[in-house]
Amino acid sequence: MNPKRIIPCLDMKDGRVVKGVNFVNMRDAGDPVELGRIYSEQGADELVLLDISATHEGRKTFTDVVSRVAAAISIPFTVGGGIHELSDVGRLLDAGANKVSLNSAALRNPQLINDIAARYGSQACVAAIDARLDADGWYCYVSGGRVRVERTLFDWAREAQERGAGEILFTSMDHDGVKQGFPNEALARLADELSIPVIASGGAGAREHFVDAFRLGKADAALAASVFHFGEIRIPELKQYLAAEGIDVRL
């Protein structure tokens, strides 16, 4: 078994890192390059940078920001937002990203996953899924959580894996920013139904929540934002705590 990974997420808008609750009410959290450097030095296993308004506003992810963050860190780096075609992927990988994260574009054009996997390998393709537990089940949302699509979380995750995605990044919109814990039941079902790694996202508020995501949710990695950005949890202390709880992490 591979060690469990801790992944800070930089949600970027207009060149700044922001964080909200349930995908709204964003507040400034700092400079992406500086935060990336700090997290790399603190021992984060990977870093994710998402241009959260790129798809909605029809823009491309800021390539220059990607280049500057990549130059400041020494850990694997995933970039998402505004990716619509294979040339966007090449541009971001050339700028220093190790992986790309696809959400809206993959749901609208699933073949894009196949194309990325064929050109760059499955390890470069992360299928990001924003989902909400509606009255009729877990359903996927696109355009920064604004639009529901008639695909369930589990069916779409399986299809993404079959098409060549190397990882699933599952964000629960209901849990996002609320800090009450990850959606462990849904995570565990994904882990049971898939053979690729599952990254838990949405809900981190305490160190115990990470333990639960790994034990109960069977997640391979846990992603968080505000608890790291605003100093509520420091990555070195979190990893020491996880190790003391018997969770295999890189120290």
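Residues numbered from 1 in each chain as written. Predicted model: local features only at pLDDT ≥ 70, side-chain atom pairs only at ≥ 80, totals over all residues. Heavy atoms only, no water.

Student: Can you help me understand the overall build of the protein chain in this one?
Tutor: Helix and strand counts for the protein chain come out as 11 helices and 12 strands. Since a compact globule built from 251 residues should have a radius of gyration of about 18 Å, the 16 Å found for the protein chain is in line with a globular shape. Along the longest, intermediate and shortest principal axes, the C-alpha atoms of the protein chain span 45 × 40 × 35 Å. By the burial criterion, 57% of the 251 residues in the protein chain qualify as buried. The contacts of the protein chain with a sequence gap of at least 6 include a subset with a gap of at least 24, amounting to 66%. Carbon and sulfur atoms provide 47% of the accessible area of the protein chain, an area that totals close to 10100 Å². Looking at charge distribution, the protein chain has the averaged site of its 28 positive side-chain charges lying 1 Å from that of its 35 negative ones. (Helix = DSSP H or I, 4+ residues; strand = E, 2+ residues; numbered from the N terminus. Rg over C-alpha atoms; globule rule 2.2 N^0.38 Å. Buried < 20%, exposed > 50% of the residue type's maximum accessible area, 1.4 Å probe, protein only. Contact = heavy atoms within 4.5 Å. Areas by Shrake-Rupley, 256 points an atom, 1.4 Å probe, with all protein chains shown as cover. Lys, Arg positive; Asp, Glu negative; His and termini not counted. Charge placed at Lys NZ, Arg CZ, Asp CG, Glu CD.)

Student: Would you mind going over the packing of aromatic side chains with me for this structure?
Tutor: The geometry of an aromatic ring pair comes down to the distance between the two centres and the angle between the two planes. Tallied over the full model, the rule gives 4 aromatic pairs. Geometrically, the ring pair formed by Trp138 and Phe170 is edge-to-face, given 5.4 Å between the ring centres and 85° between the ring planes. A residue pair is termed long-range when its members are at least 10 positions apart, and Trp138 in strand β8 (residues 137-142) and Phe170 in strand β10 (residues 167-172) qualify at 32 residues. Note on accessibility: Trp138 and Phe170 belong to one class, buried. An aromatic cluster is built from Tyr39, Phe182, Phe210 and Phe228, whose rings are joined through pairwise contacts. The ring of Tyr141 has Arg132 lying over it, and the distance from NZ or CZ to the ring centre is 5.1 Å. Note that Arg148 overlies the ring of Tyr139, its terminal NZ or CZ placed 3.7 Å from the centroid. (Phe/Tyr/Trp six-rings, centres within 6.5 Å; stacked < 30°, edge-to-face > 60°. Lys NZ or Arg CZ within 6 Å of the ring centre and 35° of its normal.)

Student: Which parts of the structure should I look at to understand the pattern of salt bridges?
Tutor: Side-chain pairing between opposite charges can occur once the charged atoms of the two side chains come close. Tallied over the full model, the rule gives 22 salt bridges. Note that Arg158 is salt-bridged to Glu193, the shortest N-O span being 2.4 Å. Taken together, the residues span a long stretch of sequence, with Arg158 in helix α7 (residues 153-163) and Glu193 in helix α8 (residues 184-193) at a distance of 35 residues. Among the residues examined, Arg158 registers a relative accessible area of 27% and is labelled partly exposed. Salt-bridge contacts for Arg163 lead to Glu159; the nearest nitrogen and oxygen are separated by 2.8 Å. Taken as a pair, Arg163 and Glu159 lie in helix α7 at a separation of 4 residues, close to a single helical turn. Of the residues examined, Arg163 reaches a relative accessible area of 26% and is grouped as partly exposed. The network of salt bridges with shared partners includes Arg5, Glu46, Lys99 and Glu167. (Salt bridge = Lys/Arg side-chain N within 4 Å of Asp/Glu carboxyl O.)

Student: Just to check I follow, could you spell out empty space enclosed by the protein for this structure?
Tutor: The gaps of empty space that remain are located by a probe, the size of a water molecule, rolled over the atoms. According to the stated counting rule, one finds 1 cavity of 30 Å³ or more in the structure shown. What the largest cavity holds in volume is close to 30 Å³. As for the largest cavity, its lining consists of Ile7, Glu46, Val48, Thr78, Lys99, Val126, Glu167, Leu169 and Ile199. Looking at the lining of the largest cavity, its residues break down into 5 nonpolar, 1 polar and 3 charged. (1 Å grid on protein atoms, 1.4 Å probe; cavity = no way out; pocket = protein on both sides within 12 Å on 5 of 7 lines; lining within 4 Å. Points joined across faces, edges and corners; volume = space filled by probe spheres on them. Nonpolar A, V, L, I, M, F, W, Y, C, P; charged D, E, K, R; others polar.)

Purely geometric numbers; function is a separate question.
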